[in-house]
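Structural features, examined
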Amino acid sequence: MTVDDILADLQAKIGDYTPAFELRLQAELAYEIGQLKRQRNAIILGHNYMEPALFHSVPDFVGDSLDLSRKAAQTEKDIIVFCGVRFMAETAKILNPTRTVLIPSLEAGCSLAASITAADVRALKARFPGVPVVTYVNTYADVKAESDICCTSGNAAAVVDSLGVDTVIFLPDEYLARNVARDTGKHIILPTLLPGGNITFQDTDVDYQMIGWHGRCEVHEQFTVSDIDAVRAQFPDVVILAHPECSPEVVAASDFSGSTNTMIRYVEQTKAPRYLLLTECSMGENVAAANPDKEMLRLCMVRCPHMNQITLQMTRDALANIQYVIDVPEEIRVRAARAVQRMIAIG
């Protein structure tokens with residue numbers, strides 16, 4: 001594609017809310033990235049939360065973390081550029097040890113991934129010996145290495161059910177764990193934080209089947225039932241979709257809950273007067289651009305500060321300079337790979 005071809009495509013998709021001069025600059029960057037991608041024999045993976053200009057121009061594949069994990073495992077390219085946050089790039093490296101994996105910004109972290117350490121997982125396993133550990137893919141490689149199996153928001157309940165056991169440790173997202181506990185009929189207990197970073201459990205004398213953690217997504221925890229009530233008061237016919245990293249109260253007050261890919265398919269396959277997505281706000285813009293015939297409410301102002309680190313310019317620089325290479329120590333990678341591959345096998 002030429003710069004003009006890319007520009008025309010961006011104008012059709014996001015031109016209604018992006019200045020023309022900015023679109024031209026973005027099209028020129030996207031063209032340069034395309035040239036570099038071919039020269040470097042690279043593949044670009046773009047998460048659903050990427051900014052619209054990037055999302056709709058340079059990725060070879062876009063999707064949620066599970067979908068992109070599958071694409072990473074299947075690629076034969078020499079270089080993988082992961083337009084997402086660090087734990088996603090680590091997962092690509094875990095599945096592709098001989099390939100170069102790049103992330104456009106080292107500042108692209110994650111509040112969930114930062115909420116738990118490998119030492120925390122080992123302490124939980126010592127406290128609850130023999131209980132299998134299900135770890136959300138939104139974690140760093142050393143935490144995955146301490147786990148029996150990983151999951152995503154899209155397959156979490158299926159992963160828990162696949163273990164065929166009465167009790168599981170589910171880490172680290174408190175809200176996702178509580179939503180999965182509800183879906184799978186399990187009673188969950190959560191730790192109490194003590195001074196010095198220690199934890200205790202106050203209710204281990206009751207019947208429980210899931211042990212959770214205190215991590216939360218700094219984006220999804222901001223949505224409230226009051227937000228939903230205010231939107232419904234103004235738009236009574238709106239269909240509200242919530243990510244399962246939202247609180248159980250928000251999920252219950254919404255019309256549908258699912259992973260980012262599941263929400264996208266829901267919008268594509270249904271016809272409602274209007275929709276509102278309770279998730280990272282760039283995704284709402286991306287879904288709106290891909291579904292011009294659907295009315296999407298743009299009431300969300302919640303942007304992930306980590307996903308926001310990834311831009312077209314930084315993606316260009318990553319490929320031009322082969323910079324911000326992701327490495328995972330082999331001993332950790334091998335153990336983490338088992339947990340990730342078990343997740344992928346479940347689908």
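Here the structure is a predicted model, which means the values were calculated and not measured.

In this structure the tally under the stated criterion is 20 salt bridges. For glutamate 221, the salt bridge identified is with arginine 216, shortest N-O distance 3.7 Å. Residue classification places glutamate 221 among the partly exposed positions, given a relative accessible area of 34%. Across the pair arginine 232 and aspartate 255 runs a salt bridge, and its minimum N-O distance is 3.1 Å. Separated by 23 residues along the polypeptide, arginine 232 in helix α10 (residues 225–234) and aspartate 255 in the loop between α11 (248–253) and β13 (256–257) bring together distant segments of the chain.

The subject of this paragraph is the pairing of strand β5 (residues 133–136). Residue alternation in β5 divides its side chains into two sets, Val133 and Thr135 and Val134 and Tyr136, and both sets are buried. Pairing geometry for β5 and strand β7 (residues 168–171), over three bridges, is parallel. Within β7, the residue paired with valine 134 across the bridge is phenylalanine 170. Both β5 and strand β6 (residues 149–151) contribute to a ladder of three bridges, which runs parallel. The partner of tyrosine 136 across the bridge, within β6, is cysteine 151.

Time to look at the environment of glutamine 26. Examined against the element boundaries, glutamine 26 turns out to sit in helix α2 (residues 20–40). For glutamine 26, a relative accessible area of 12% translates into the label buried. Note: C-alpha distance between glutamine 26 and glycine 130 (104 residues apart in sequence) is 52 Å. Setting aside chain neighbours within four positions, we find glutamine 26 in contact with Leu10, Ile14, Thr18, Ala53 and Leu312.

Turning to the sheet that holds strand β1 (residues 42–47), a few remarks are in order. Reading across the sheet, the four strands line up as β2-β1-β3-β4 and stay open at both edges, with parallel pairing between neighbours. Of all the strands in the sheet, the pair left with one neighbour each is β2 (61–63) and β4 (100–102). Going across the sheet, the axis of each strand differs from the next one's by a mean of 20 degrees, ignoring polarity. For β1 and strand β3 (residues 79–83), the ladder comprises five bridges, and the chain directions are parallel. What sits directly across from glycine 46, in β3, is cysteine 83. On top of the sheet, helix α4 (residues 65–74) reaches β1, β2 and β3; it is set at about 150 degrees to β2, its chief contact.

Our focus in this paragraph is the packing of helix α1 (residues 3–14) against α2. Axis angle and axis distance: for two packed helices, these are the angle between their axes and the distance between the axes, and together they describe the pair. Their axes nearest at 9 Å, the elements α1 and α2 cross at an angle of 130 degrees. Here α2 runs oblique to α1, going by the angle between their axes. The interaxial crossing formed by α1 with α2 has right-handed handedness. The residues of α2 that touch α1, namely those facing Val3, Asp4, Ile6, Leu7, Leu10, Gln11 and Ile14, are Leu23, Arg24, Gln26, Ala27, Glu28, Ala30 and Tyr31.

Under the 1.5 Å per step criterion, the end-to-end length of helix α15 (residues 330–346) is 24 Å for 17 residues, consistent within 8% with the ideal 24 Å. Those residues of α15 lying buried are Ile332, Arg333, Ala336, Ala337, Ala339, Val340 and Met343. Where α15 is buried, its residues touch α4, α5 (86–95), α7 (141–145) and β6.

Let's shift gears to the pairing of strand β12 (residues 238–242). Where burial is concerned, most of β12 is hidden: five out of the five residues are buried. Taking every second residue as pointing to the same face, both faces of β12 are buried, with Val238, Ile240 and Ala242 on one and Val239 and Leu241 on the other. Alignment of β12 against strand β14 (residues 274–278), held across five bridges, turns out to be parallel. From the neighbouring strand, valine 238 faces β14, where its bridge partner is arginine 274. Bridge count between β12 and β13: two bridges; the pairing is parallel. Bridging from a neighbouring strand, alanine 242 pairs with serine 257 of β13.

Rules and cut-offs
- Residues numbered from 1 in each chain as written.
- Predicted model: local features only at pLDDT ≥ 70, side-chain atom pairs only at ≥ 80, totals over all residues.
- Heavy atoms only, no water.
- Salt bridge = Lys/Arg side-chain N within 4 Å of Asp/Glu carboxyl O.
- Buried < 20%, exposed > 50% of the residue type's maximum accessible area, 1.4 Å probe, protein only.
- Helix = DSSP H or I, 4+ residues; strand = E, 2+ residues; numbered from the N terminus.
- Pairing = 2+ DSSP bridges.
- Contact = heavy atoms within 4.5 Å.
- Axes fitted to C-alpha atoms, helices over the stretch in contact; angles between N-to-C directions.
- Parallel < 35°, antiparallel > 145°, perpendicular 65-115°, else oblique.
- Left-handed = near helix turned anticlockwise from the far one by under 90°.
- Expected span 1.5 Å × (residues − 1).

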